[in-house]
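# Notes for the structure review
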Amino acid sequence: MSDHRPTGIKRWLYTTNHKDIGTMYLWFSFIMFLTGGAMAMVIRAELYQPGLQFVEPGFFNQMTTMHGLIMVFGAVMPSMVGLANWLIPMQIGAPDMALPRMNNWSFWILPFAFTLLLSSLFMEGGAPNFGWTFYAPLSTTYAPPSTDFFILGVHMMGISSIMGAINVIVTIFNMRAPGMTLMKMPLFVWTWLITAFLLIMVMPVLAGVVTMMLTDRHFGTAFFDAAGGGDPVMFQHIFWFFGHPEVYIMVLPAFGVVSEIIPAFSRKKLFGYSSMVYATASIALLSFIVWAHHMFAVGMPVAGELFFMIATMLIAVPTGVKVFNWIATMWQGSLTFETPMLFSIAFVILFTIGGFSGVMLAMAPVDFQYHDTYFVVAHFHYVLFPGAIFGTTAAVYYWFPKWTGKMYNETIGKWHFWLSMVFVNLTFFPMHFSGLAGMPRRIPDYNMMFADYNMWASIGAFGLGLTQVFFFVTIIMAIRNGKKADEKQWDGATGLEWDAMPTPAPYHSFSTPPKVD
Amino acid sequence: MAIRRKLIAGITSLLSLMLGGAVQAASKLNMRPGVTETSIEAFELHMMVVWVMVAISVVVFGVMIYSFIFHRRSKHPTPATFSHSTKMEVIWTVIPVIILVYLTIPAVSLLIKMEDASNSEISVQVTGSQWKWHYKYLEGDIIKNEISFYSNLSTPREQYENYATSGAADNVNYLLEVDNHLVIPVDTKVRFLVTADDVIHSWWVPELAVKKDAIPGFINETWTSVPIPGIYRGQCTELCGKDHGFMPVVVEVLTKPDFDKWLAGKAEEKRVADKAAADAASQNWDMAKLMTLGETIYASKCAACHQVNGEGLPPVFPALKDSAIAKGPADVHINMVVNGKQGTGMAAYGAQLTDAEMAAVITYERNAWGNNTGDTVQPADIQAFKAGN
Amino acid sequence: MTEQAQENKKLIRRLIGIVGGMFLFAFALVPLYNVFCDITGINGKTRGQALYQNVDIDKSRVVTVEFLTNINRGMPWKFESRLRSIDVHPGELNEVIFYAKNTSKFDIVGQSVPSVSPGKAALYLNKTECFCFDQQTLLAGEEIEMPMKFFIDADIPEDITRLTLSYQLFNITDSVYAESVGTK
């Protein structure tokens, strides 16, 4: 087994190695995370106190829009694809992804897509300013000229995600080591398989909706223009048909990650493996029939509102099953609390809190009071930051010794965790209150009565921002001077990557398939 | 004795102060119950869900924390080996279903009540436009004294641009005040027909639990019936462009006699305004007078987008300085101001400004910043333009 | 290995099929949405031209129909209904006159877009003649009276005693002009 690897810039440009591509995805998403985070800092600085201090309202809208787009499409989704690249072949005993050249493409599209998107900030008229949900007609008739670059950018990253998803599905279906049946696959692989199906189902719908925007803007169609017989509300229906599954695309792989980490540090098998698989699949299926709960205020008939309300509340059931299974995994285990475990536990607790506010938002008659306020902002940041991002962070800490053969500094890792935990709550918990007090989202200035919460949220946000820079330093330190990791760093870890592969993972692994029992 | 009494009094007052503070803090931490039947029911439903969620958290997180303490490796070195229990899995599927059903039942009946706008006594058309609301009362004869008006933010620009130095902090209704309140009578079912004339807006008054999207080309219905006179404040809750944060909603609820008085007052106001407009149109204004009034109007209505120096924020908000419109034929310029421009932020000022104000601001734009066309536009010109003559 | 490549290709082809299908599905959602709205009245859009034939009149019920007119930004027309509201028996054919005047010095093409509230009522409102079926071109200063004839379906649910028909008038001169240039 030769461990030859090319060197220099060409290694990264031409690579078809799943580990290299995974690394690039992770670094790319981290850069985007800091970029989107910097925009969040601008937003929080402006909202630190009432009055307009730093930016004018038009630019503020560009910041909220770009922050959302960058975080969703640039940070969270690529980080999950990065983990998939690193882990799926290792966990199913495959030598690489099934379609390595397509893999290279799907990564290298991204930097171009996001350069295009970010360049719109410097264009005349500014960047897109209509929110990441880009509701028509604000995003069609009334949008700045840079919207066309936004549309092109969305198409490019959509193609990238679709190629990534196809690769994952083909790899999982065709590349498993002999004996690795579907119901033996690690849960991370399962959640990614389901995510990949969601991706190929809904990313084309997103592509469709931005294409309609493009033709509305330039080619005289009127999909979303009432004057030509169109309907702006239809935009929202199509957008959320994509948008709701999208939120599960962002969080399902994180479910998979914690389902690997919690058993490892509980030194106990994952509780209810098959019910976990079925719960994930039912969440994914339900996500296709709940989209209109994002639009209770548009004036739907009561029957429609009732349907979407009840369907949405049903999602709480399989999600609850997952949470209970994680807890049952810890129950009577032999727990230790290393950094990845801490992040996973925080994931379970804070994601559950985000789930609670989700159930509240699902209830249509009260949703009229929550809708489009900071309560919603609090809700989705609770499921995205401690959800998707803590999930990825936990994964990086957990598999870092396997990937690099080096060990991060556990003390600094714990600092990273505790600071993140404190600041994430300081940032997002007060947003529940400002929302309940009546503060609408996406506003650059507000009445005194919302001042306290906003100040706390801003302080929390600055701390949270700095903490992530600290994460960067920790990782760099570990890569450069980390202690040598043990052959099997975590005694409770299971799976092919831990049991059938040396540490660090060789550049070419599983050239001959491992034995699965 | 006296000392003891004082001490007790002191402690009680301190306690009541703390309690009062806590109650006040708690009220700031929560949704406001509001004043209408539906808002109070929505609040009660909200509280019910909150308590159910708190109870679930206590149980779920309690079990977790117990496990962290008693099942840590130092206390519990040998892990158990179970990984499956059909009985438990059925239990924790069924219990959430029961809880959800328990929550759904009151939600359904409240929802049905909230969506029933029938048998209203008064109808008001609410139109959102960038970045203000327009209200039109749909009562009485359509031809004579139709009451309709715009409702603009009345917090001065100075206050939000220089928050610290302008005394804005003392303004309790900062960004929640408008020049013309929507006035409705108490204990009356009022139906709102909500629409928009550019992008989507959303009309929200938290204390009435009314939130409805205003969608261009479509009308939506909602309603309220307010039992207590007072002033209720809300905001636009759908991102609608640059000044989305600056278009509040203010509803003033009056007793029925006061409401009738207000109606009569509005009719009188309209008569006076019509007369003033006619007088203004009959006069010939000189350049200085037009420029002075024009500058004030420009500062309050136009400068937010076109900027004080007339250079705008191109390409979305074009410059007026040296622009083809401001230096070209007056008709085209008047048309732009009176009717606005579709697909842009340029609103139609025909119904928002008087003829004299429009004449002044157009004259100002044609002569300021070195545009120096030397034209004066007279109120009579605007009147003639609007009449289509 | 070649066998594997073959299998991969087969699977990729299927997955790309799903992707293509979903892309088309996004566009299919447009007519589907319209059909769905037509059946449920979800967005209050009214239907096209109806025929008034063999309609039963239900004299026992009265429905109030209100008329609203809105003018979109950038539309220099006056546009109003001659009637604020009218009480009708379901099944009865009624006529309402709308008035429009182009107050500008330009020729303008207008399009009115109808919307009904409550949305459900749109299913029972039948128009035999409406200016909203066509575009109107008014020369500078021209005025026009436009009739609209309608009847309410006798099947209208008992709980609907009032419905509001709103017309929003859009200026579509530019898009009409762009089309005519395009065809030259």
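Our structure's up above, just so we're on the same page.
Below you will find a few notes about this structure. (Residues numbered from 1 in each chain as written. Chains lettered and ligands numbered in written order. Predicted model: local features only at pLDDT ≥ 70, side-chain atom pairs only at ≥ 80, totals over all residues. Heavy atoms only, no water.)

### Some points on the overall build of chain C
Scanning chain C from N- to C-terminus turns up two helices and nine strands. Shown N-terminal to C-terminal, the secondary structure of chain C runs as helices and strands in the order α-β-β-β-β-β-β-β-β-β-α. Computed over its C-alpha atoms, the radius of gyration of chain C comes to 23 Å, more than 25% above the 16 Å expected for a compact globule of 184 residues. Relative to its full complement of 184 residues, chain C shows a buried share of 48%. Taking the contacts inside chain C whose residues are at least 6 apart along the sequence as the reference set, 77% of them involve residues at least 24 apart. (Helix = DSSP H or I, 4+ residues; strand = E, 2+ residues; numbered from the N terminus. Rg over C-alpha atoms; globule rule 2.2 N^0.38 Å. Buried < 20%, exposed > 50% of the residue type's maximum accessible area, 1.4 Å probe, protein only. Contact = heavy atoms within 4.5 Å.)

### Details of the overall build of chain B
Regarding its fold elements, chain B presents ten helices and ten strands. Radius of gyration (C-alpha) of chain B: 29 Å, far over the 21 Å computed for a compact globule of 389 residues. The dimensions of chain B, computed from C-alpha atoms along their principal axes, are 95 × 60 × 55 Å. Sorting the 389 residues of chain B into buried and exposed places 50% on the buried side. In chain B, 64% of the contacts between residues at least 6 apart in sequence involve partners at least 24 apart. Summed over its atoms, the accessible surface of chain B is roughly 17,700 Å², and 63% of this surface lies on carbon and sulfur atoms. Side chains of chain B give 33 positive and 40 negative charges; the mean places of these two sets differ by 10 Å. (Areas by Shrake-Rupley, 256 points an atom, 1.4 Å probe, with all protein chains shown as cover. Lys, Arg positive; Asp, Glu negative; His and termini not counted. Charge placed at Lys NZ, Arg CZ, Asp CG, Glu CD.)

### Regarding the state of the cysteines
Under the counting rule described, the total for this entry stands at one disulfide over all chains. A sulfur-sulfur separation of 2.4 Å characterises the disulfide bridge that pairs C:Cys130 with C:Cys132. Between C:Cys130 and C:Cys132, the S-S dihedral sits near 130°, and the bridge is therefore right-handed. No difference in accessibility class separates C:Cys130 from C:Cys132, as the two residues are buried. B:Cys236 takes part in no disulfide bond, and the closest cysteine sulfur, belonging to B:Cys240, lies 3.9 Å away. For B:Cys236, a relative accessible area of 0% puts it in the buried group. Distance from the sulfur of B:Cys305, which forms no disulfide, to the nearest cysteine sulfur (B:Cys302) is 8.9 Å. (Disulfide = S-S within 2.5 Å.)

### Here's the deal with a nonpolar patch on the surface
Residues and elements named next belong to chain A. Taken together, Trp27, Leu34, Val469, Phe472, Val473, Met477 and Ile479 make up a surface patch of nonpolar side chains, about 530 Å² in accessible area. Broken down by secondary-structure element, the contributors of at least two residues to the nonpolar patch are α2 (18-47) and α15 (451-481). Residue contributions to the nonpolar patch peak at five residues, all from α15. Among the structural elements, Val473 can be located in helix α15. When its relative accessible area of 41% is taken as the criterion, Val473 is described as partly exposed. (Patch = residues over 30% accessible without salt bridge, like charges linked within 9 Å, V, L, I, M, F, W, Y side chains within 5 Å. Salt bridge = Lys/Arg side-chain N within 4 Å of Asp/Glu carboxyl O.)

### Structural notes on the interface of chain C and chain B
It is common to give the size of an interface as the accessible area that goes away when the parts come together. With 32 residues of chain C in contact, the opposing surface of chain B contributes 41 residues. The junction of chain C with chain B conceals about 2,900 Å² of combined surface from both sides, 45% of it contributed by carbon and sulfur atoms. The interface formed by chain C and chain B contains one salt bridge. The shortest N-O distance in the salt bridge between B:Arg191 and C:Glu66 comes to 2.4 Å. Joining chain C to chain B, the criterion identifies nine residue pairs in polar contact (both at pLDDT 80 or more). Ranked by residue count, the leading element in the side of chain C that touches chain B is strand β9 (residues 162-171) of chain C, at six residues. In terms of residue class, the side of chain C that touches chain B is made up of ten nonpolar, 15 polar and seven charged. (Buried area = accessible area lost by both parts, 1.4 Å probe. Polar contact = N/O pair within 3.5 Å; in protein donor to acceptor, adjacent residues only side chain to side chain. Nonpolar A, V, L, I, M, F, W, Y, C, P; charged D, E, K, R; others polar.)

### Focus on the interface of chain B and chain A
Across the contact, 90 residues belong to chain B and 98 residues belong to chain A. Both sides together, the interface formed by chain B and chain A hides about 8,100 Å², and carbon and sulfur atoms give 69% of it. Linking chain B with chain A are one salt bridge. Between B:Arg73 and A:Asp491 there is a salt bridge, with its nearest N and O atoms 3.7 Å apart. Taken together, chain B and chain A are joined by 24 residue pairs in polar contact (both at pLDDT 80 or more). Secondary structure elements with two or more residues in the side of chain B that touches chain A: α1 (2-29), α2 (37-70), α3 (86-114), α4 (157-161), β7 (210-214) and β9 (230-236) of chain B. In terms of residue count, the dominant contributor to the side of chain B that touches chain A is α2(B) (15 residues). In terms of residue class, the side of chain B that touches chain A is built from 52 nonpolar, 23 polar and 15 charged.

### Topic: the packing of aromatic side chains
All names here are of chain B. Applying the stated criterion across every chain, the model contains 82 aromatic pairs over all chains. Ring centres of Tyr163 and Tyr174 lie 5.0 Å apart, and the angle between their planes is 70°; on these two criteria the pair is classed as edge-to-face. Of this pair, Tyr163 sits in the loop between α4 and β4 (182-185) while Tyr174 is found in the loop between α4 and β4, placing the two residues eleven residues apart along the sequence. Across this residue pair, the class does not change: Tyr163 and Tyr174 are buried. Looking at Lys289, its charged tip hangs above the ring of Trp285, at a distance of 4.0 Å from the centre. (Phe/Tyr/Trp six-rings, centres within 6.5 Å; stacked < 30°, edge-to-face > 60°. Lys NZ or Arg CZ within 6 Å of the ring centre and 35° of its normal.)

### Examining unusual backbone geometry
Backbone torsion omega between A:Ala136 and A:Pro137 reads 0°, so that peptide bond is classified as cis. Across the junction of B:Gln130 and B:Trp131, the peptide omega takes the value -5°, indicating a cis bond. As for its position among the elements, B:Trp131 is in the loop between β1 (122-129) and β2 (132-137). Although it is not a glycine, B:Ala209 adopts a positive phi angle of roughly 55°. Checked against the element boundaries, B:Ala209 lands in the loop between β6 (201-205) and β7. When its relative accessible area of 9% is taken as the criterion, B:Ala209 is described as buried. One non-glycine residue, B:Asn372, adopts positive backbone phi at about 35°. Tracing the chain through its elements places B:Asn372 in the loop between α9 (355-367) and α10 (379-387).

### Focus on the nonpolar core
Counting residues in each nonpolar core, the largest one holds 284 residues, and the members touching the most others are A:Phe73, A:Phe114, A:Phe134, A:Trp192, A:Trp326 and B:Trp203. Per-element tally for this core: the top contributor is helix α7 (residues 232-266) of chain A, with 21 residues. Non-local contacts of A:Trp192, meaning those with residues more than four positions away in its chain, are made with A:Met80, A:Val81, A:Ala84, A:Ile88, A:Val168, A:Leu199 and A:Pro253. In terms of nonpolar packing, the next biggest core, distinct from the first, is built from 32 residues, C:Phe67, C:Met75, C:Ile86 and C:Cys130 among them. (Core = buried A, V, L, I, M, F, W, Y, C linked by side-chain atoms within 4.5 Å.)

### Describing the pairing of β2(B)
The side chains of a regular strand alternate, residue by residue, between the two faces of the sheet. All names here are of chain B. In terms of residue burial, β2 counts as a mostly covered element, since six of its six residues are buried. Covered by surrounding structure in β2 are Lys132, His134 and Lys136 together with Trp133, Tyr135 and Tyr137, the residues of both alternating faces. Of the strand pairs in this sheet, β1 and β2 are connected by six bridges, and their pairing is antiparallel. Directly across from Val126, in β2, lies its bridge partner Tyr135. Adjacent in sequence and paired antiparallel, β1 and β2 are bridged by two residues. Across four bridges, β2 lies against strand β3 (residues 148-151) in antiparallel orientation. Bridge pairing in β3 links Tyr135 to Phe149. (Pairing = 2+ DSSP bridges.)

### Let's talk about the sheet that holds β9(C)
Residue and element names in this part refer to chain C. Within the open sheet, the five strands sit side by side as β3-β1-β9-β5-β7. Their pairing is mixed. On the outer flanks of this sheet lie β3 (85-88) and β7 (136-138), each paired with one strand and no other. Between one strand axis and the next, the sheet turns through 30° on average, direction left out of account. Across eight bridges, the pairing between strand β1 (residues 63-71) and β9 is parallel. Across the sheet, residue Glu66 finds its bridge partner in β9, namely Thr164. (Axes fitted to C-alpha atoms, helices over the stretch in contact; angles between N-to-C directions.)

### Section: the sheet that holds β2(B)
Residues and elements named next belong to chain B. Across the sheet, five strands lie side by side as β3-β2-β1-β5-β8; this open sheet has mixed pairing. Where the open sheet ends on each side, the last strands, each with one partner, are β3 and β8 (220-224). Sheet twist, expressed as the average angle between the axes of neighbouring strands with direction ignored, equals 25°.

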